Protein chains: 4
Amino acid sequence: MKIAGQISIDDIPQNYPLVSRVVNSQYGEKGTRVVEVAGVRFGGERPVVIGGPCAVESHEQTVGLAHAVKRAGADMLRGGAYKPRTSPHDFQGSGLEGLCILKIAREQTGLPIVTEVMDPRLVGEVAQVADMLQVGSRNMHNYTLLAEVGRARKPVLLKRGMSASLCEWLGAAEYIAKQGNLDIVLCERGIRGFPSGEYSRYVLDLNVIPAAKMLTFLPIIVDPSHATGVSAMVEPASRAALEMGSHGLLIEVADFSMGVPKCDGLQAIDATTLARIVEFAHRSEARSQKSGVRRQEPGVRSQESDDGSPKEERPTSGISKVVVGASSNQNP
Amino acid sequence: MKIAGQISIDDIPQNYPLVSRVVNSQYGEKGTRVVEVAGVRFGGERPVVIGGPCAVESHEQTVGLAHAVKRAGADMLRGGAYKPRTSPHDFQGSGLEGLCILKIAREQTGLPIVTEVMDPRLVGEVAQVADMLQVGSRNMHNYTLLAEVGRARKPVLLKRGMSASLCEWLGAAEYIAKQGNLDIVLCERGIRGFPSGEYSRYVLDLNVIPAAKMLTFLPIIVDPSHATGVSAMVEPASRAALEMGSHGLLIEVADFSMGVPKCDGLQAIDATTLARIVEFAHRSEARSQKSGVRRQEPGVRSQESDDGSPKEERPTSGISKVVVGASSNQNP
Amino acid sequence: MKIAGQISIDDIPQNYPLVSRVVNSQYGEKGTRVVEVAGVRFGGERPVVIGGPCAVESHEQTVGLAHAVKRAGADMLRGGAYKPRTSPHDFQGSGLEGLCILKIAREQTGLPIVTEVMDPRLVGEVAQVADMLQVGSRNMHNYTLLAEVGRARKPVLLKRGMSASLCEWLGAAEYIAKQGNLDIVLCERGIRGFPSGEYSRYVLDLNVIPAAKMLTFLPIIVDPSHATGVSAMVEPASRAALEMGSHGLLIEVADFSMGVPKCDGLQAIDATTLARIVEFAHRSEARSQKSGVRRQEPGVRSQESDDGSPKEERPTSGISKVVVGASSNQNP
Amino acid sequence: MKIAGQISIDDIPQNYPLVSRVVNSQYGEKGTRVVEVAGVRFGGERPVVIGGPCAVESHEQTVGLAHAVKRAGADMLRGGAYKPRTSPHDFQGSGLEGLCILKIAREQTGLPIVTEVMDPRLVGEVAQVADMLQVGSRNMHNYTLLAEVGRARKPVLLKRGMSASLCEWLGAAEYIAKQGNLDIVLCERGIRGFPSGEYSRYVLDLNVIPAAKMLTFLPIIVDPSHATGVSAMVEPASRAALEMGSHGLLIEVADFSMGVPKCDGLQAIDATTLARIVEFAHRSEARSQKSGVRRQEPGVRSQESDDGSPKEERPTSGISKVVVGASSNQNP
């Protein structure tokens, strides 16, 4: 029985050569490409923690939270100016005004900004403020957007589609890479399964972390907020993700003293909890450097990270060249 | 335990009032809005059959197939000029040239055209050729595209996301409706589940047909080609879909004498099989009219179809008004 | 990346030779083994319809329903004496008393009985009353029970586990077959997926019907009651199943004038609806015989059914012999 | 739309009172019942690590591995004498002989034994050797077996069904509890989802750990071997599970110098890796005791464990009494 449209991870070198560890062999069997965002290094020595509100609601809320996130020791600020909502009648984000608020928050705290872009026509506008562009789960298959984001020459945070196979996810990364941009960080955020909604929002799929690391050199982080949908699960899920080998975390934070957030308040944590998570992330780094002898596991934060990977060596347009290179590197 | 982001079908009237049967009560408990596409009536007396190639590859292939589809008795021609592919290195469709070919195919056969649009910036261009705009499964959550398509004032074929809940699907329809366009036809095309890939491409979810009919008045059709991924399953799946109450079918057809199609050839059927499916669709109409006494089932092709629903009565902007109207109509 | 425990449908001939169409080649590429149950022929000329209560609750309820089922034209009576319930504190069935009631119902109506057995120690007892033993979805992987049921020399209705792959399902059948009993009827009853619970109880997976037919000669029927969980969906789902090629239906029926059934009343239909379904089943037989020329589809009710397959030719113990036979028949 | 058979976690106190934290309130909001197995304490101060072969194949293999497991610092020995296999023609375990080998392994190493029982008729026999009875994933819904195991007065390791909801899992525990045995340890072992088979065997669902802890006082451990199916993922998955709050681990270990195991060798780890996991488990205990101030997380290994829970206070038969008690204890 022949079924249309089947791809397996064995097809990755051929289908997605630019992001394939086998084809693009400069990172070796375990090295991670370090993606640098205004001094923050994804895939580097220590896990990156990103915190911030689900949506930018107001100047006071966002700037206040940015300071709290900074004090908690996190590395970057997240916050949505444009929000994808299931209903068109729900709050859709504050748009341009939200971008301006994020800019102010960065100026005051020094934290680099990651924010989502949904419209290919707004990529330029968002890229003027954002240090890193986020492609959300709902748009992982939006190839038009992926290509536009790839052309923006900004690092990209690529969330996994809620039912995307690993192949499809790497395929989405390849769309960005094809535009000459390999500064891509993958982000697992929970997948849809039969338990979705019974006791958590999605199913946190940590197995995908070591699997992705075997197949690509791109760093991978985890969003425990969406993956659980339950505030009380975010801290243990963060620790679990780091132990599974995640290069970082993307976490929704709220200041509950200012009232309930307009979206997804049930999955937000406070700054005190964020600080504990940051502390854990730094401790796990220390532990990892001290022992550093876990040979059998693919999920270790890598010491072989190609830290100095010069930005000039990015693949440009020529896919044919890469494919040629691939043929000699490909495993039999 | 409170979980973020939960919605249930009970929330539909409030969240998606424009497409809710309860709120937008002119179609009653069972009536279907007839969506007319150049004389073809979705939700009318008889099921609509759409056939055509996966992708427009060449003038010869597409025009040849259009004639075959016409001879088989189908109502409309499908064919992708812009193709979403998992790999950016695969054939991405023939673009503008493909649109021109589709135009010729329509002129020669008289069949109205449905074709996919993926880029919000190309909606106008595609709408000049297409009689009906298709939003693909991968873009069901692409709210930017949905809004743009809604503004194009063309009927829309809205495929279900491969892991979209019914709520999310109706939410996507609401994005289109909010632009003043209720000429939306839903299209089930298989969902992702654990059996995906073992013996079929996706899991054909026919239960969603009667469920959608209870909640909305929009017509709903089925794409048995993607839902099965196996040519030999397309005919029985087509019959099953019609018996479950589908208002029509969207089927990939190939002329295998011209060689293997560039995409998804394993799920294409030939014109002879298509003709049998059309015959079955017409027979089922006859049967439905003769008996017409199935009270217990929600999936009956409706005799109460609001055939004359005047286009002028489309909802415009004022959602608040609709919600007010809703409160007096809502079931307890 | 090597993953433990992977099997695919290509492994079926080697892993499950007794039920494999390729190995056990007497049924050819399309023939169905006719499983006869007290004169009722599964896989024969026309679909078999089984109706009856979810659980045997009382003499009055069950015997009354049996007469109604008979009048509706159905072929067999279903009814659970032993009920698997998610909570041990729920009604667990009426046990031995229930078996006695089923016996009386058969005597009064002449309808053969299918009833579930859950305990390997009770197989003998249940087999004294039942014409066909049902292995429920929750016990599909209960290999101890499967072996015991296989030894009982009664036809078996083997429901698919709620998340069983097709391979696992045929593996369960092989456990029965290994005891020398090939009188097995498969029963699809809905699978678990992300939509389970949103608008239906399970996801009705009709794709598995043509797939199973390609791989095995065993007849396959559908339980639309559990697969939908919604009374109003049972009739359209029944018609859809038959069009997809199902050899029959297993349907829960209630007499609502006697009050709400103790279990699963929301998925039961009344006898009038059952009669319409029976009528449809008989009509589809007539239609199938008249045309009978659908070459491309695997789901056709087969005219090639090996009607006269003599019971004496059942495989007995010797698996080695069958495997030897297999090697010469196997497709390359 | 009413759907049959729906239960949610809000129904747990009423449906499964014996294992409900709300009803059986002696463990408070966070306390864990300590289940003691020959001195090993599940839910106590430190995580329990169980290691051993998938199947007992020979005296040499099992006893050798038992010594290695002991040297690695693990607390208990696992090993299947009776193996549920998808094909009846595969190695089904060594049965009674296997039990004898396990007994010898315990005598030589002092490690308590956990082993699976599949047949209700063999519970007594297995219970003579096993210190803890395992109910496997395939038999989680086998209520006949659950009741028999409950009567055996041995601690039970209850694996989650591969597509069991949390409600169904606690329902299975309730079947055991109803026999007067609350010495139940839950074991998450991966669930079936769309990624099953692409890069891991199952989807490791760690979200269920904090969720289960909120609803029941029963300890919960994780089987990272089946949940990943990939040897190289077992160590990171073990660490992740412990950080998510797992009370222990059940791990398949092999001595690859003795050849490939007869089943599931691809998911086995060697004793050196096991030793690192044990070391991590002990370290995490130390860390947990030092800080011990994580208020927001449900997944913390509990200091409030009711260590001295007297065995005499086991619930006996009277469910009605418990339910009455429940009404006054239930949270609003």
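Residues numbered from 1 in each chain as written. Chains lettered and ligands numbered in written order. Predicted model: local features only at pLDDT ≥ 70, side-chain atom pairs only at ≥ 80, totals over all residues. Heavy atoms only, no water.

A look at the overall build of chain A
Convention followed: Helix numbering and strand numbering both begin at the N terminus, where a helix is a DSSP run of H or I of at least 4 residues and a strand a DSSP run of E of at least 2. Burial here depends on accessible area, computed with a 1.4 Å probe over protein chains only, as a share of the maximum for the residue type. Under 20% is buried, over 50% is exposed, and the range in between is partly exposed. In what follows, a contact means two residues having at least one pair of non-hydrogen atoms within 4.5 Å. Only the protein chains shown count as cover for residues, with accessible areas throughout obtained via the Shrake-Rupley method and a probe of 1.4 Å.
Counting its secondary structure elements, chain A contains eleven helices and ten strands. The buried share of chain A, reckoned over its 332 residues, is 68%. Looking at chain A alone, contacts between residues at least 24 apart form 71% of all its contacts between residues at least 6 apart. With an accessible surface of roughly 10,400 Å², chain A has 49% of that area assigned to carbon and sulfur atoms.

Topic: the packing of aromatic side chains
Going by this rule: Each Phe, Tyr or Trp ring (for Trp, its six-membered ring) is paired with any other whose centre lies within 6.5 Å, and the angle between the two planes then decides the class: stacked below 30 degrees, edge-to-face above 60, tilted in between. Charge over a ring is defined by NZ of Lys or CZ of Arg lying within 6 Å of the ring centre and within 35 degrees of the ring normal.
Scanning all chains against the criterion turns up eight aromatic pairs over all chains. Judged by centre distance (4.2 Å) and plane angle (10°), the rings of A:Tyr143 and A:Tyr175 are stacked. Of this pair, A:Tyr143 sits in helix H5 (residues 143-151) while A:Tyr175 sits in helix H6 (residues 166-177), and the two are 32 residues apart along the sequence. The pair formed by A:Tyr143 and A:Tyr175 is uniform in burial state, with each residue classed as buried. The side chain of B:Arg239 reaches across the aromatic face of B:Phe280, ending 5.8 Å from its centre.

Let's talk about H5(A)
Residues and elements named next belong to chain A. Of all nine residues making up H5, eight are buried, and the element is well covered by its neighbours. Taken together, the buried positions of H5 are occupied by Tyr143, Thr144, Leu145, Leu146, Ala147, Glu148, Val149 and Gly150. Tucked into the core, H5 has its buried residues touching helix H4 (123-129), strand S6 (132-135), strand S7 (156-159) and H6. Positive backbone phi, approximately 55°, marks arginine 153, located one or two places after H5.

Observations concerning the relation of the copies chain C and chain D
Note the threshold: Superposing the copies works by least squares over the C-alpha atoms of residues that have pLDDT at least 70 in both of them.
Superposition record for chain C on chain D: RMSD 0.0 Å, screw rotation 180°, translation along axis 0.0 Å. Taken together, the rotation angle and the small translation identify this as a two-fold axis. Within chain C, the C-alpha atom positioned nearest to the axis of rotation is that of C:Ser163, 3.0 Å from it. Interface overlap between copies is the fraction of interface residues in one copy that are interface residues in the other; for chain C against chain D it reaches 100%, indicating a shared surface.

With respect to the confidence of the model for chain A
Residues and elements named next belong to chain A. Spelled out, the test is: By definition, pLDDT measures how confident the predictor is in each residue, and it falls between 0 and 100.
Predicted confidence across chain A gives a mean pLDDT of 88, with 86% of residues reaching 70 or more. Low pLDDT, under 50, characterises residues 290-332; the stretch is placed with 86 contacts to residues that sit more than four places away or in other chains. Interface confidence for the predicted complex, given as ipTM, is 0.88, next to a pTM of 0.90.

Examining the relation of the copies chain A and chain D
Placing chain A over chain D gives an RMSD of 0.0 Å and needs a rotation angle of 180°, together with 0.0 Å of translation along the axis. Interface overlap between copies: 100% of the residues of chain A at the interface are likewise at the interface in chain D, consistent with a symmetric, same-surface contact.

Observations concerning the pairing of strand S3 (residues 48-52) of chain B
Residue and element names in this part refer to chain B. In plain terms, the rule: When DSSP finds two or more bridges between a pair of strands, those strands are recorded as paired. Handedness of a crossover: with both strands directed away from the viewer, a clockwise path from the first strand across the helix to the second marks it as right-handed.
Across the five residues of S3, five count as buried, placing the element largely inside the fold. Because side chains alternate across S3, one face comprises the buried residues Val48, Ile50 and Gly52, and the other comprises Val49 and Gly51, equally buried. Across five bridges, S3 lies against strand S10 (residues 248-252) in parallel orientation. The partner of isoleucine 50 across the bridge, within S10, is leucine 250. Once the chain exits S3 it traverses helix H2 (residues 59-71) before rejoining the sheet at strand S4 (residues 76-78), and the crossover so formed is right-handed.

Describing the interface of chain A and chain D
Our working definition: Buried area is calculated as the accessible area (1.4 Å probe) missing from two parts once they are joined, with the contributions of both summed. One side-chain nitrogen of Lys or Arg within 4 Å of one carboxyl oxygen of Asp or Glu is enough to make a salt bridge. Two N or O atoms form a polar contact when they lie within 3.5 Å of each other; inside protein one atom must be a possible hydrogen donor and the other a possible acceptor, and for residues adjacent in sequence the pair counts only when both atoms belong to side chains. Polarity classes work like this: nonpolar for Ala, Val, Leu, Ile, Met, Phe, Trp, Tyr, Cys and Pro, charged for Asp, Glu, Lys and Arg, and polar for all others, with Gly in that last group.
Residue-level contacts link 50 residues of chain A with 50 residues of chain D. Between chain A and chain D, roughly 3,900 Å² of surface is buried when both sides are summed, and carbon and sulfur atoms account for 58% of that area. On the surface where chain A and chain D come into contact, there are two salt bridges. In this structure, A:Arg239 and D:Glu243 form a salt bridge, with 2.7 Å as the shortest nitrogen-oxygen distance. At the boundary of chain A and chain D, one finds 16 residue pairs in polar contact (both at pLDDT 80 or more). Taken together, the elements giving at least two residues each to the side of chain A that touches chain D come down to H6, helix H7 (208-215), helix H8 (224-228), helix H9 (231-243) and helix H10 (271-291) of chain A. Looking at which element gives the most residues to the side of chain A that touches chain D, the answer is H9(A), with eight residues. Broken down by class, the residue content of the side of chain A that touches chain D amounts to 29 nonpolar, seven polar and 14 charged.

With respect to the state of the cysteines
Residues and elements named next belong to chain C. Test applied: Criterion for a disulfide: a pair of cysteine sulfur atoms within 2.5 Å.
Considering all chains together, one arrives at zero disulfides over all chains under this definition. Considering cysteine sulfurs only, cysteine 54 is the nearest to cysteine 187, which forms no disulfide, with 13 Å between them. Judged by relative accessible area, which is 0%, cysteine 187 ranks as buried.

Considerations on the interface of chain C and chain D
Listed by partner, the interface residues are 53 residues for chain C and 53 residues for chain D. Summed over both sides, the interface of chain C with chain D buries roughly 4,100 Å², with 58% coming from carbon and sulfur. Across the chain C-chain D interface, the total number found is four salt bridges. In this structure, C:Arg192 and D:Glu168 form a salt bridge, with 2.6 Å as the shortest nitrogen-oxygen distance. Inspection of the region where chain C meets chain D yields 23 residue pairs in polar contact (both at pLDDT 80 or more). Taken together, the elements giving at least two residues each to the side of chain C that touches chain D come down to helix H5 (143-151) and helix H6 (166-177) of chain C. Here the side of chain C that touches chain D gets five residues from one element, more than from any other, and that element is H6(C). Counted by class, the side of chain C that touches chain D contains 21 nonpolar, 19 polar and 13 charged residues.

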